[in-house]
Every structure is written in structure tokens, then in C-alpha cells.
Amino acid sequence: MTSWILILLTFLPFLAAIIAYMLGRRDERAMNGFVSITGIVIFALSVVLLFLPEGEVAVPGFCGLGLYLRADGFRGLYSCVAAFMWMMTGLFAPEYFQHHGNKARYSFFTLMTLGATLGVFLSDNLGTTFLFFEIMSFASYAWVAQEETPGALRAAATYLAVAVIGGLTTLMGLFLLQHQLGTLDFASLRAAMGQQDVTVAVWLTLVGFGAKAGLFPLHIWLPKAHPVAPAPASALLSGILTKSGVFGLIVLCANLMQGNAAFGNALMIFAAITMFLGALLALFSTDLKRTLACSSMSQIGFITLGLSVMVLLGDEGALAAYGSVMHMLNHSLIKLTLFIAAGVVYMNLHALNLDDIRGFGRKKPLLHIAFLLGALSIACIPPLGSGYNSKSLLHEGLLELIGEMQAAGSAWMGYKAIEVLFLISGGLTVAYMVKLYICIFWQKHPTRQAEFDGMTHYMNGTTAFALLGSAAALAGVFYHGRHAAAVIGRYHRVIVILDGPLAGACGLLRRKLRQRRQKSVRLRRSHHRAHQHAGVHRRHHLSGAVQRGQGVVGLRFVDALCLRHSHALHPADALAAVNDQISCCKHCFSSLTL
């Protein structure tokens, strides 16, 4: 059954896209209903996939490289997040496009992009990833060009140029990897590499993924595309399409580049520039959607910084791996909420300049609550800011790298400078979100405030559901079991960090991790061999603890970190542990009563 759902998730959107376009040529309301129902069905299938055992689909020889799909914990979860985002933007789109043209075209390419994006996240082979990645890039081009204004066409040309150049470079890298390793299967990459140097092939492959993620210096499409793209498309571009690039980076970093100091240092420099430059551009932007676009660029920098730390720490990089995956998930839902809120502002005022929309959010509590939740989360302000959890883990991973360098007597001041830049970028994130929040919800427009206050019917019920549903997914947490914070074992401590209201509990984790790092730097090397066996035992302990009902289940992710007093998992095994944790929590989901 898992195989059939994999096939449906990947190819049903392509069929639905054709039907939606044909309906849109005749009956717009029928098309809107069909697109919304399709989004709900795809989301339901992705939820079902989470409860099924792992499965795969293999079609050798397809397009020369084969077609390989697989459902496991991480891939199943992120396909669920992608389907949820498409469902919510699909519910929001009819009102947003009420006075726009080319609606059938938009629906066609939106469903095409959905199928391609799910194909990327469910792929089990770099060749399959590339195939769907390119379909996704060309289908999403129509989003940027949707309005057909001169600015939109220029931005779309930039987007297409970056996609084509990045795609061709990635294809060159994949040919080199296939030649050197003889395989592109995810599970076989690390074993096939042996002692071969695949650095050149990896850098070439990384170009296309980095371009889609918005990594410096290939970020140029991001600030141009978002202001001109429709708000539902901007939410997907920022929340999901950039993560497809990060997905490719994770595959390369976790399987091929572990312990490669030169690669890790270079990736860290690009990540740090992306992180700081995006925050700086967002701070000085006067356009609402451009600010959010530059913010996405900055957050991609944070995520990639975690991946670079994972590469540099080698066998000790699990903490950074967890932080990167968790921040991916947080950022996806944060930007879904914020871009829908920005779309609500635009469809009422047809303006995005902060001077023109100043004061619009006053006396609009639903919009205020949703935007505030997104702002607190991306600014990482506890207890409501879910981003505090993931960014804290990224910071702790960076501090662990500095501690390792100091203990080894290696040069560490450069990493300390990166940490300072990390903290400054976090401060800039707070600054530009405070700028948006005060401007929209507290300041008064000098001439139109009475008009803004009179707009009591500024969105319909479906749009309100999409906005508040996205905010609820960002902040909501369901409790299950007897313990809300921790499960203490004989040798291990499983600390469950809650998204949303209990995010402040991460402060305890930060202090414990700091104490652990200070006491165990020297112990880590003396117990390196025991580390291999400890990882398996830890995951089994975690599985038993959560299956006994001792845990917390969130709407988005179960943030269970298995921490021993002196060891962490190998980063690639840490990503596998994410799958184990999601799988062992299915019992909690199945017995949950809403």
C-alpha cells in the first residue's frame, strides 16, 4: 500500500493540473473547488503515509538514471508539510485572485509544482531528485511571471536564468558522481565513496541546490521574485521550494563530505554571508514581501551554517544536524503564516510599501494574532517563538565546534567570529520583524487610518481558516502521555522540546548542553570507539520511551534529542535517527484523540 500512495502522491498532482486547467477554461468556481479538494486529498494521503511502514518504488532505466522513490520518517514528514502548505495556499488563492486574470494557468502550474516538489522530497536517488527538481524549477517560473508586468517578467527571467545555469551545473556534477562512484542511490553513496576524492563533483552538484535554496552568491532571484509573485506562490517559494535545495545539501553533506574541513569551512563562509546579508537587506527594505524574502535568505544561511558545522564536526555533528532539520521545518511554517498575512494586506490595499500599509492591522485581531505568532517564531522569542528551539541547537552546535578547536589546539578565532555574526544576525532578525510589526499594527497612517479601521470584512471565512490554520500549525502542540518535559533513563536523558507555548524549556537544554560540552571535550576522544555502539542503544531507548507514551507530540515535529553525557550520533546516523523518532512516535499519533 505504501508504494501505491507514493505513486499517487507523486503523479496525481500532474493529472489534477490538466483537469484543473480544463475546468478553469469553462467554470472558474468549479476549478477553485477542484484545486482545493485536490490539496485536501494530497494532504490526507501524506498523513496516511506517515502511519504506514516504510516502502519504495523503483523503475530502473527511467530517463537513463532510473526512478526511485522512498517513504521514511523524514521524507514522509516533509512531504506532509509540503502538502499542508499547498492545501492552505489553495484555500487562500480564490479570494486573493478574485480580481486577477490567468487563474487557470496559475492553478495548472501550482499543481504541477506540487507533484514535482513531492517527487523531490520522496526521491531516493540523486538522479530522481534532479528530474523532479528541474520540473519544479520550470513549473514555478510561471508563478513569478504570473502578473506579466515588466517587473514580474524581469524577475522571472532572472529566476529562470539561475535555475537553468544551476541545473546544468548540477547535472554535470551528477555525471561526475555517477562516473566516480557508480551509483547515485542515497544509501550507497557513503559506502561507494571509499577513499575517492569527490570534492569537485560535490561542488558542481551543490550549485543547483544552493541556487534554489537562495544561498549566496546565487541568491539574486529571491529578493526580485517574491515582491512580484502572488502571495500564495511567495509562501510556497519561500517555505518549500527553498527547502528542496536544502534537501539536496543535506544529502551531499551527510553522505559525502563528513569530516572534509576544506569543504566545511568554505560552506560556512557562504552560509555566514547569506545569513548576515539577508538580515541586513531585510532590515533596510521598505517593501513587506521583499523584507520577508530577504528574511528567508537569512534563515537559509542559518540552516546551511548548521550543515557546515555538521561537516566540520564529523562524528560529533549530530547536534547541528538536528538543529538544521528542525529549523527547516520551523521556517517552512513560519513563512506560510507570514506570507498569507502579507497577502491579506495586499488584496485589500494593493500595496506593499510600508508607508502605504502603515496602520492597516490596527483593530484586526485575527490578522494581528497570526502575524504575531509568525514574528515571534522567526525572531526566536520564547515562550511562543518555536524558532528558539532550532536556532538554539544551531548555536550550541557552533559552540561545540569552537570547544573542539580549542581542545585540539587548532585555530578557533575564525569560528568565534562566525558565532558573533550568528548572534548579530539573530539580533537583526528581531529588528526587522519589530519594524514590520510596529508599522502594520501599532503606527497610524497619516491620512487613511479611519478608512483602514473601517475595513472590518477584510477576508472571507476560507481565507481566515487558511491564515489561522497555518498559525495554529506553527504554534499548536498536542500532549500525549504521562510526562511533558523529560524521560530520564539509566544512561540517557531524552529531553522533549515543545514547539510553541513551551519553547522556553529549551533554555534548560542550552545550559545542560553547555555543561556537557565543558566537561566532556577530553572524554570524547578517549571513548570514541564506544560511541559507535552507543548510538544504536540510544535510539532503541528513545523508541521504547516514546512508544510507552512518555512524550509530547506536536503538529509539526517531535523534537526528541537523545543526548549522552559525552557523545552524539554521527550526523548521517542523526538524520536516520530523525526517521526512527518519527516512526516510533506513530503509536502516539494513532492513539491521539482530538
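Just above, that's the structure.
As the structure is a computational prediction, the values presented were derived from the model and not from experiment.

J.: Looking at this structure, I do not really get the overall build of the protein. What am I missing?
T.: Helices and strands together make up the secondary structure of the protein, namely 23 helices and 7 strands. Buried positions account for 62% of the 594 residues belonging to the protein. Expressed as a percentage of contacts within the protein between residues at least 6 apart in sequence, the contacts between residues at least 24 apart total 83%. Only carbon and sulfur atoms are counted for the fraction: they give 64% of the accessible area of the protein, which is about 21700 Å².

J.: Would you explain a nonpolar patch on the surface in this entry?
T.: On the surface, W4, I7 and F11 cluster together into a nonpolar patch covering about 330 Å² of accessible area. By the element assignment, I7 lies in helix α1 (residues 2-24). Classification of I7 by relative accessible area gives partly exposed; the value is 32%.

J.: Help me out: how do you make sense of the pattern of salt bridges in this one?
T.: Note that side chains of opposite charge can pair when their charged atoms are close. Enumeration according to the criterion identifies 6 salt bridges in this entry. Residue D355 is joined to R358 by a salt bridge in which the shortest nitrogen-to-oxygen separation is 2.8 Å. Under the relative-accessibility criterion, D355 is labelled partly exposed at 48%. Ionic pairing is found between K416 and E419, a salt bridge with its closest N-O pair at 2.9 Å. Residue K416 and its partner E419 are located together in helix α17 (residues 413-441), separated by 3 residues, close to a single helical turn. K416 sits in the partly exposed class, given a relative accessible area of 33%.

J.: Any chance you could explain helix α16 (residues 387-408) here in plain terms?
T.: Because an α-helix packs 3.6 residues into every turn, residues spaced three or four apart end up facing the same way. Its 22 residues place the ends of α16 32 Å apart at the C-alpha level, agreeing with the 32 Å of an ideal helix rising 1.5 Å per residue. Burial within α16 is extensive, with 19 of its 22 residues counted as buried. Just downstream of α16, G409 is the residue with a positive phi angle, here 75°.

J.: Could you clarify how one ought to interpret the side chain of K335 in this entry?
T.: Tracing the backbone through its elements, the reader meets K335 in helix α13 (residues 318-349). D287 is the oppositely charged side chain nearest to the buried, salt-bridge-free K335, at an N-O distance of 12 Å. In this structure, K335 is in contact with A235, S238, G239, L292, S295, S296 and I378, ignoring residues within four places of it in sequence.

J.: What should I look at first to understand the nonpolar core in this one?
T.: In a soluble, globular protein the nonpolar side chains are often hidden away together inside. The biggest cluster of nonpolar side chains holds 172 residues, and the ones touching the most others in it are L126, L256 and F371. Residue contacts for L126: discarding those within four places in its chain leaves L174, L177, L184, F186, L189, F209, V251 and L252.

J.: Honestly, the packing of aromatic side chains in this entry has me stumped. Any pointers?
T.: The geometry of an aromatic ring pair is captured by two quantities: the separation of the ring centres and the angle between the planes. Using the criterion set out here, one finds 22 aromatic pairs in the structure. Each ring, one from Y437 and one from W442, has its centre 6.5 Å from the other, and the planes form 70°; the classification is edge-to-face. The class of W442 is exposed, set by a relative accessible area of 52%. Pairwise contacts between aromatic rings join F92, Y96, F97, Y106 and Y346 into one cluster. Sitting above the plane of the F133 ring, K212 keeps its charged end 6.0 Å from the centroid. The ring of F302 carries the charged tip of K391 above its face, separated from the ring centre by 4.0 Å.

J.: Help me understand the environment of H395, please; the structure alone is not making it clear to me.
T.: Looking at the secondary structure, you find H395 in helix α16. A sequence separation of 28 residues divides H395 from L423, and the C-alpha atoms of the two residues are 8.6 Å apart.

J.: Quick question: what am I supposed to make of helix α12 (residues 288-313) here?
T.: Its 26 residues give α12 an end-to-end C-alpha distance of 38 Å, which sits within 8% of 38 Å, the value for a rise of 1.5 Å per residue. Burial analysis of α12 places 25 of its 26 residues in the buried class, which makes it a mostly covered element. Backbone nitrogen of K289 and a side-chain oxygen of the N-cap are separated by 3.1 Å at the start of α12; the cap is D287. Directly after α12, the chain includes G314, whose backbone phi takes a positive value near 60°.

J.: What should I look at first to understand unusual backbone geometry in this one?
T.: Working note: non-glycine residues mostly have negative phi, and peptide bonds are mostly trans. Omega for the bond connecting F216 with P217 falls within 30 degrees of zero, at 5°, which places this linkage in the cis form. Residue placement: P217 occurs in the loop between α8 (199-213) and α9 (221-228). Unlike most non-glycine residues, H350 shows phi in positive territory, near 55°. Tracing the chain through its elements places H350 in the loop between α13 and α14 (354-357). Backbone geometry places K363, a non-glycine residue, at a positive phi of 60°. K363 gets classed as exposed once you look at its relative accessible area, which sits at 68%.

J.: Can you walk me through the environment of F276 in this structure?
T.: Checked against the element boundaries, F276 lands in helix α11 (residues 261-284). Given the relative accessible area of 27%, F276 is considered partly exposed. Note: C-alpha distance between F276 and S425 (149 residues apart in sequence) is 5.2 Å. Beyond its immediate sequence surroundings of up to four residues, F276 is in contact with L421, I424, S425 and L428.

J.: I'm lost on the packing of α8 against α11 in this one. Help?
T.: In a pair of packed helices, the angle between the axes and the distance between the axes together describe the arrangement. Packing of α8 against α11 brings their axes to within 12 Å, and their N-to-C directions diverge by 20°. Here α8 is positioned roughly parallel relative to α11, judged by the angle of their axes. α8 and α11 meet at a crossing whose hand is right-handed. Residues V202, W203 and L206 of α8 touch α11, and the partners they reach there are F263, A266, L267 and F270. Considered class by class, the residues forming the contact of α8 with α11 number 7 nonpolar, no polar and no charged.

Cut-offs applied
- Residues numbered from 1 in each chain as written.
- Predicted model: local features only at pLDDT ≥ 70, side-chain atom pairs only at ≥ 80, totals over all residues.
- Heavy atoms only, no water.
- Helix = DSSP H or I, 4+ residues; strand = E, 2+ residues; numbered from the N terminus.
- Buried < 20%, exposed > 50% of the residue type's maximum accessible area, 1.4 Å probe, protein only.
- Contact = heavy atoms within 4.5 Å.
- Areas by Shrake-Rupley, 256 points an atom, 1.4 Å probe, with all protein chains shown as cover.
- Patch = residues over 30% accessible without salt bridge, like charges linked within 9 Å, V, L, I, M, F, W, Y side chains within 5 Å.
- Salt bridge = Lys/Arg side-chain N within 4 Å of Asp/Glu carboxyl O.
- Expected span 1.5 Å × (residues − 1).
- Lys, Arg positive; Asp, Glu negative; His and termini not counted.
- Core = buried A, V, L, I, M, F, W, Y, C linked by side-chain atoms within 4.5 Å.
- Phe/Tyr/Trp six-rings, centres within 6.5 Å; stacked < 30°, edge-to-face > 60°.
- Lys NZ or Arg CZ within 6 Å of the ring centre and 35° of its normal.
- Polar contact = N/O pair within 3.5 Å; in protein donor to acceptor, adjacent residues only side chain to side chain.
- Axes fitted to C-alpha atoms, helices over the stretch in contact; angles between N-to-C directions.
- Parallel < 35°, antiparallel > 145°, perpendicular 65-115°, else oblique.
- Left-handed = near helix turned anticlockwise from the far one by under 90°.
- Nonpolar A, V, L, I, M, F, W, Y, C, P; charged D, E, K, R; others polar.

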